[in-house]
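Summary of structural features
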Amino acid sequence: MRFQLLDIVPYRADPISGHQVSPADRLAETLQQAVRAEELGLDAVAIGERHAGHFISSSPTVLLGAIAAQTRRIRLNSGVTVLSVLDPVRVAEDYATIDQLSGGRLDITIGKGNEVAQFPLFGLDIDDQWELLAEKYELLRTLWREEDVTWPGTEFTRPLSGVTTLPRPFAGAPRVWHGSATTLFSAGLAARFGDPLFSANAIQPLENYGVLVDHYRAEYARHGHDPAAAFVAAGSGALFIADTTQEAIAQFGPVYNAIVAATNVPGNNTPFRDIEHAVAEGPALVGTPQQVIDKIARFHGRLGHDLQSISLPTTVPFAQQLGILERFALEVAPVLRREFPTTLWTDADPLGQRTAELAAV
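Per-chain numbering applies: the sequence of each chain, read as written, is numbered from 1 onward. Local features in this predicted model are restricted to residues of pLDDT 70 or higher, and side-chain atom pairs are both shown and tallied only at a pLDDT of 80 or more, whereas totals for entire chains, interfaces and linings draw on every residue. Computation of side-chain values covers all heavy atoms of the structure but excludes hydrogens and water.

The name an unreviewed UniProt entry gives the chain is LLM class flavin-dependent oxidoreductase, with Microbacterium arthrosphaerae as the organism.

1. Side note on the overall build of the chain
The test is simple: Working definition: helices are DSSP H or I runs of at least four residues, strands are E runs of at least two. Numbering for both runs from the N terminus. We call two residues in contact when some of their heavy atoms are within 4.5 Å. Each accessible area value is a Shrake-Rupley result obtained with a 1.4 Å probe; residue values ignore everything except the protein chains displayed when judging cover. The convention is simple: Lys and Arg are positive, Asp and Glu are negative, and His and the chain ends are not counted. For this purpose, a charge sits on NZ of Lys, CZ of Arg, CG of Asp or CD of Glu.
Helices and strands together make up the secondary structure of the chain, namely twelve helices and 13 strands. Taken along the three principal axes of its C-alpha coordinates, the chain extends 60 × 45 × 40 Å. Sequence-distant contacts in the chain: of pairs separated by 6 or more residues, those separated by 24 or more amount to 72%. For the chain, the accessible surface area stands at approximately 14700 Å², while carbon and sulfur atoms represent 55% of it. Computed over 28 positive and 42 negative side-chain charges, the inter-centroid distance for the chain is 2 Å.

2. Focus: the sheet that holds strand β10 (residues 232-234)
Rules: Note on pairing: two strands pair once DSSP finds at least 2 bridges between them. All axes here are fitted lines through C-alpha atoms, helices being fitted over the stretch that makes contact, and every angle between N-to-C directions spans 0 to 180 degrees.
Strand order in the open sheet formed by nine strands is β3-β2-β1-β13-β10-β9-β8-β5-β4, with parallel pairing between adjacent strands. At either end of the open sheet lies a strand with only one pairing partner, and these are β3 (75-78) and β4 (81-82). In this structure, strand β1 (residues 2-7) lies alongside strand β2 (residues 44-47), joined through four bridges in parallel fashion. Residue pairing for β2: Q4 is matched across the bridge by A44. Against the sheet, helix α7 (residues 206-222) contacts β8 (175-180), β9 (197-199) and β10, and its axis sits at roughly 170 degrees relative to β9. Contacting β1 and β13 (307-310), helix α11 (residues 318-339) crosses the sheet at an angle of about 150 degrees to β1.

3. Description of the confidence of the model for the chain
Convention followed: Per residue, pLDDT captures the predictor's confidence, and it can take any value from 0 to 100.
Taken as a whole, the chain shows an average pLDDT of 95; of its residues, 96% reach a score of 70 or greater. Across residues 356-361, confidence stays below pLDDT 50; counting only partners more than four residues off in sequence or on other chains, it has five contacts.

4. What about the packing of aromatic side chains?
For clarity, the cut-off: Each Phe, Tyr or Trp ring (for Trp, its six-membered ring) is paired with any other whose centre lies within 6.5 Å, and the angle between the two planes then decides the class: stacked below 30 degrees, edge-to-face above 60, tilted in between. Each residue is placed in one exposure class: buried if its accessible area under a 1.4 Å probe, protein chains only, is under 20% of its type's maximum, exposed if it is over 50%, and partly exposed if it falls in between.
This model, assessed by the stated rule, comprises seven aromatic pairs. Relative to Y220, the ring of Y216 has its centre 5.5 Å away and its plane inclined at 65 degrees; by these criteria the two rings are edge-to-face. Highlighted residues: Y216 and Y220, both in helix α7, separated by four residues, approximately one helical turn. Since its relative accessible area comes to 0%, Y216 is described here as buried. With 5.2 Å between their ring centres and 20 degrees between their planes, F240 and F252 make a pair best called stacked. Of this pair, F240 sits in strand β11 (residues 239-241) while F252 sits in helix α8 (residues 245-262), and the two are twelve residues apart along the sequence.

5. A few points about the layout of surface pockets
This is how it is decided: Think of a 1 Å grid over just the protein atoms. A cavity is a set of points where a 1.4 Å probe fits yet cannot get out, a pocket is an open set with protein on both sides within 12 Å along at least five of seven lines, and lining residues have an atom within 4 Å of a point. Grid points are joined across faces, edges and corners, and a volume is the space filled by probe spheres set on the points.
One number sums up the size of the second largest pocket: a volume of about 220 Å³. What lines the second largest pocket is a set of 16 residues, and nearest its centre among them are R175, G194, D195, P196 and L351. Mapped onto the lining of the second largest pocket, the elements with two or more residues apiece are α5 (129-145) and β8. Considering every element that reaches the lining of the second largest pocket, the biggest residue donor is α5, with three residues.

6. Re unusual backbone geometry
The step from G79 to V80 runs through a cis peptide bond, and the omega angle for that step is 5 degrees. Mapped onto the fold, V80 is located in the loop between β3 and β4. At the junction of L166 and P167, the peptide bond is cis and its omega measures out at 0 degrees in the coordinates. Note that P167 resides in the loop between β7 (160-163) and β8. The residue D148 is not glycine, and still its phi comes out positive at about 55 degrees. Position of D148 among the secondary structure elements: in the loop between α5 and β6 (149-151).

Right, dumping it as structure tokens:
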């Protein structure tokens, strides 16, 4: 199993103390977390993208560029690139620039996003979200794989004639994951193109996500792709590690309960409305290191995933966040690496080593 630190850069006050850092400090924490994740041996770091709600991740490419400049080994990812509302030409250019800056360390995860308010911001109709995603992804794939592109245009993309986006990716097109949270569409789109799937696994019961992963694997095989390359990633709820379950619940429970109570996103609310329920049955990784190990193993038993993404509780003091990250890296990740080996990002993975040698070829 591989491990990724995801920050969608929520910007909230601590619901208990009311303390809130400045936007500048919050963004600096995102960069510091990424550097520390590399030092601790995690495999990837991802930045989310939101254009509505309590988040300051509207420019993920800026943050990923900064992380690329401050790191040397860790892989970079997006979580997700909201392709439905973006220009595929600009996405191709911006993310290829990050790919070059990082020496080929880039993957991206695309999706339609789960903030309904973002569509009118970009003059788009939410009823078109799936068609927007599919058409724009086909164009993005083409722009990264071909030069002198002539594109006929579709309902949601404009015609192009003789276009070569620059810079080109570092060593061939980066791997594209497809974020999937609530419907079969993204799972089917990933399977159609032989791409990997990223299951949100963040707020709903595990079986909801298991159904999407099952559909992905069945469709992947139906399209004739090699099942060995059908990589799956899974997210999680917030990570909070303490010496005992009681300590974890006492420290993080009031924060969790307050955030859940204040969150009302129709169709996207968690059924785990209190910390005890979330710890017992939900996707939150709250408890002792062994409890976190056991819960991720339960995720794996249903999803069979290769990459586990974690997110820190960003309203608690930053030093405490880094302590939780360190405990995960030192006490949890090594056990799961041994128990659940994967070929993802190894020499056996065709896109695992996008190196300078490949770039030269």
